[in-house]
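Analysis of the macromolecular model
Residue strings, one per chain:
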Amino acid sequence: MRNQNTVVKIIGVILCLYLFLVGINGLSSGIKSLGGEFAKTILSATSNPMTALFIGVFCTTLFQSSSTTTSIIVTMVSSGAITIAGAVPMIMGANIGTTVTNTIVSIGHIRRGNEFKRAFSASTVHDFFNMMAVMILFPLELMFGMLEKISTGLGVMLFGVLSTDQSFKSPIKKAVKWGAKKLEYLSFDNDIIFIVISIILTFFMLYSIVKLLRSLVLEKVESFFDTYLFRNALTAFIFGIILTIMVQSSSITTSTIVPLAGAGVLTLRQIYPFTMGANIGTTVTALLASLTLNPIAMVASFSHLFFNIAAIVIIYPVKRIREIPIYLAETMADLAIKNKFIPIIYLFIVFFALPFTIIYLGG
């Protein structure tokens, strides 16, 4: 019976993955059909890098998934609605927004004293690492365009001249395009309806994939967490990458270990490298989505990968820099123990009020 359930879940994952790619392809086609005026509107919204950064934060907070946000971003790049330069700040913002889920999970421990302190610090260390990465790399990107240039350079090396008219040719792409055409019929030839249906399909299919993979994968590994998978920083980092690729959601993988931190099974220092691995693992979803679009979409997904690699290379090797997110997480947890309103205020300001204000003023 258990084997049958596993087979059914695997088939479900494959079907949901196909429909996820259909949604991505449909979104790209719908945006292209809207034409130049729509592209100009989006380009003007993302022409201010600070606004684009907080659009990434806010959208990911609403979706509760950086995978969904970055998949939509690379789709918009593939259709020409936004440029690589406009996409990079949004992707950086998505990295901050994705941490809201595990912070919300930690608040579930708020009445339990030291358990809450451990859980809250374990969740916010991911917040502070990603914020610190953006604080370092965002100004550098504005000055030098490093991520855009490296990603574009790799794209040119792999695919030659880059344009939105290019496309990948594969049987999978044909099957996905066929599904997107069927989806288009449901929209009654209305581009807006087509885009909305595609976004809803993309979101729910990714949610379903995560849920199915979580039940398939996490039950098998929980008993090995402390003994094998978190015995040192390297194994925790690698495990964070692998588990996030398997589950297709850094929000889920990092949220799963927050209760373990609260229970005292894992320490803050064990969890820290795991969250960095999760940042790398989550880039696979956008890379996968770009495979059914075109090379320029893949360039946008490369920038997500390179951003997370650069953050780790800059922050983690130097002890004094590496300790900053840990110090901030522990300090915030100490404050949260003294005043239970602080975590709520922190969540509201960082993930809702500040992004909304910057977007509103930028618009």
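Our subject is the structure listed above.
So, here's what we can say about the structure. (Residues numbered from 1 in each chain as written. Predicted model: local features only at pLDDT ≥ 70, side-chain atom pairs only at ≥ 80, totals over all residues. Heavy atoms only, no water.)

With that settled, consider a nonpolar patch on the surface. Judged by side-chain polarity, Leu62, Phe341, Ile345, Phe348, Ile349, Phe352 and Leu354 come together as a nonpolar surface patch covering roughly 710 Å² of accessible area. If you tally residues by element for the nonpolar patch, the top one is helix α18 (residues 341–362), at six residues. (Patch = residues over 30% accessible without salt bridge, like charges linked within 9 Å, V, L, I, M, F, W, Y side chains within 5 Å. Areas by Shrake-Rupley, 256 points an atom, 1.4 Å probe, with all protein chains shown as cover. Salt bridge = Lys/Arg side-chain N within 4 Å of Asp/Glu carboxyl O. Helix = DSSP H or I, 4+ residues; strand = E, 2+ residues; numbered from the N terminus.)

This part covers the packing of helix α6 (residues 100–107) against helix α13 (residues 250–262). Interhelical geometry of α6 versus α13 gives an angle of 25° and a closest axis separation of 8 Å. Viewed along their axes, α6 and α13 adopt a mutual orientation that is roughly parallel. In terms of crossing hand, the pair formed by α6 and α13 is right-handed. Taken together, the residues of α13 that come into contact with α6 (itself represented by Thr101, Asn102, Val105 and Ser106) are Ser251, Thr254, Ser255, Val258 and Pro259. Grouping the constituent residues of the contact of α6 with α13 by class yields three nonpolar, six polar and no charged. (Axes fitted to C-alpha atoms, helices over the stretch in contact; angles between N-to-C directions. Parallel < 35°, antiparallel > 145°, perpendicular 65-115°, else oblique. Left-handed = near helix turned anticlockwise from the far one by under 90°. Contact = heavy atoms within 4.5 Å. Nonpolar A, V, L, I, M, F, W, Y, C, P; charged D, E, K, R; others polar.)

Bringing the nonpolar core into the picture now. Judged by nonpolar contacts, the single largest core of 78 residues is most densely connected at Phe20, Val77, Met92 and Tyr346. Considering every element that reaches this core, the biggest residue donor is helix α7 (residues 114–144), with eleven residues. Core analysis: the second largest hydrophobic core is formed by 14 residues, Leu243, Ile257, Ala261 and Ile271 among them. (Core = buried A, V, L, I, M, F, W, Y, C linked by side-chain atoms within 4.5 Å. Buried < 20%, exposed > 50% of the residue type's maximum accessible area, 1.4 Å probe, protein only.)

Moving on, we come to helix α15 (residues 283–290). The buried fraction of α15 amounts to six of the eight residues, a majority that puts the element mostly inside the structure. Every buried residue of α15 is accounted for by Thr283, Thr285, Ala286, Leu287, Ala289 and Ser290.

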